[in-house]
Amino acid sequence: MADITASVLGASDAQDAPHNGAQNDAQNDAQNDAQNDWLRLSVPAHPRAIASVQALLVAQARHHGFTPAQQTRMQTAAEEGLLTVLHYAHDDAPDAAAASTLDILLTVLPAVLQLRITNHGLPYDQSLVSEYDPQQPASAEDDQTGLSAFLMHRLADRSRVLNLGAQGQHVELEWWL
């Protein structure tokens, strides 16, 4: 099984920020947090990686003041995003999943906490995902990915899937700070 690797990235080092005394330190820290708070994981394309992604997301959500109820919704949205990628892009095949990885990027953009799941395999065609109808919940039994997409859209302030062609796709989930 592939290992999980992690790194902290930033657009610039904190030491490069201008130092204008104690009054501006808080401003500089807030600005650096908004621009440079990036965490990256490389995880195996396997359901066992979901817990690691959720733990990273919850730690950052807690740090940025999200309530426990919001954190639970975020965890569920992340799980649904990962399961959808695994189902479509990796065909739920254990042998295929063991050989590939997903890149996870957790970024604080101005006013947004963003989770980006990058799959480097063939992107899935979103038109194949049937639309879930909450008025007919039994329809989810036929196609669980429609329910997953519905939940991602409901549990995140913004969700989208970006097709990168032969480079794969991004599933992006965002929550307003």
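Here the structure is a predicted model, which is why all the values come from computation and not from measurement.

*Asks:* Lay out the packing of helix α2 (residues 50-63) against helix α3 (residues 68-89) with the relevant residues and their values.
*Replies:* Where α2 meets α3, the closest approach of the two axes is 9 Å, and the angle between their N-to-C directions is 145 degrees. In the packing of α2 onto α3, the handedness of the crossing is right-handed. Residues I50, V53, Q54, L57, V58, A61 and R62 of α2 pack against Q71, M74, Q75, T76, A78, E79, L82 and L83 of α3. Here the contact of α2 with α3 is composed, by residue class, of nine nonpolar, four polar and two charged.

*Asks:* I'd like a rundown of α2, residues and numbers included.
*Replies:* Spanning 14 residues, α2 covers 20 Å between terminal C-alpha atoms, matching the ideal 20 Å at 1.5 Å per step. Among the residues making up α2, those that are buried are I50, V53, Q54, L56, L57, V58, Q60 and A61. Those residues of α2 hidden inside the fold are in contact with β2 (38-44), α3, β3 (101-109), β4 (112-119) and β6 (169-176).

*Asks:* Tell me about the pairing of β2, residues and numbers included.
*Replies:* Extensive coverage of β2 is indicated by the burial of five of its seven residues. Alignment of β2 against β3, held across seven bridges, turns out to be antiparallel. The residue bridging V43 from the neighbouring strand is L102, located in β3.

*Asks:* Provide a residue-level description of the nonpolar core, including the pertinent values.
*Replies:* Counting 36 residues, the largest nonpolar core has L57, L102, I104, L113, L115, I117 and W175 as its most contacted members. Looking at this core, the elements that each hand over two or more residues are β2, α2, α3, β3, β4, α6 (144-155) and β6. Per-element tally for this core: the top contributor is α3, with eight residues. Ignoring sequence-local partners within four residues, the contact set of L113 consists of L57, Q60, A61, F66, M74, L106, T107, V108, L173, E174, W175 and L177.

About the criteria used
- Residues numbered from 1 in each chain as written.
- Predicted model: local features only at pLDDT ≥ 70, side-chain atom pairs only at ≥ 80, totals over all residues.
- Heavy atoms only, no water.
- Axes fitted to C-alpha atoms, helices over the stretch in contact; angles between N-to-C directions.
- Helix = DSSP H or I, 4+ residues; strand = E, 2+ residues; numbered from the N terminus.
- Left-handed = near helix turned anticlockwise from the far one by under 90°.
- Contact = heavy atoms within 4.5 Å.
- Nonpolar A, V, L, I, M, F, W, Y, C, P; charged D, E, K, R; others polar.
- Expected span 1.5 Å × (residues − 1).
- Buried < 20%, exposed > 50% of the residue type's maximum accessible area, 1.4 Å probe, protein only.
- Pairing = 2+ DSSP bridges.
- Core = buried A, V, L, I, M, F, W, Y, C linked by side-chain atoms within 4.5 Å.

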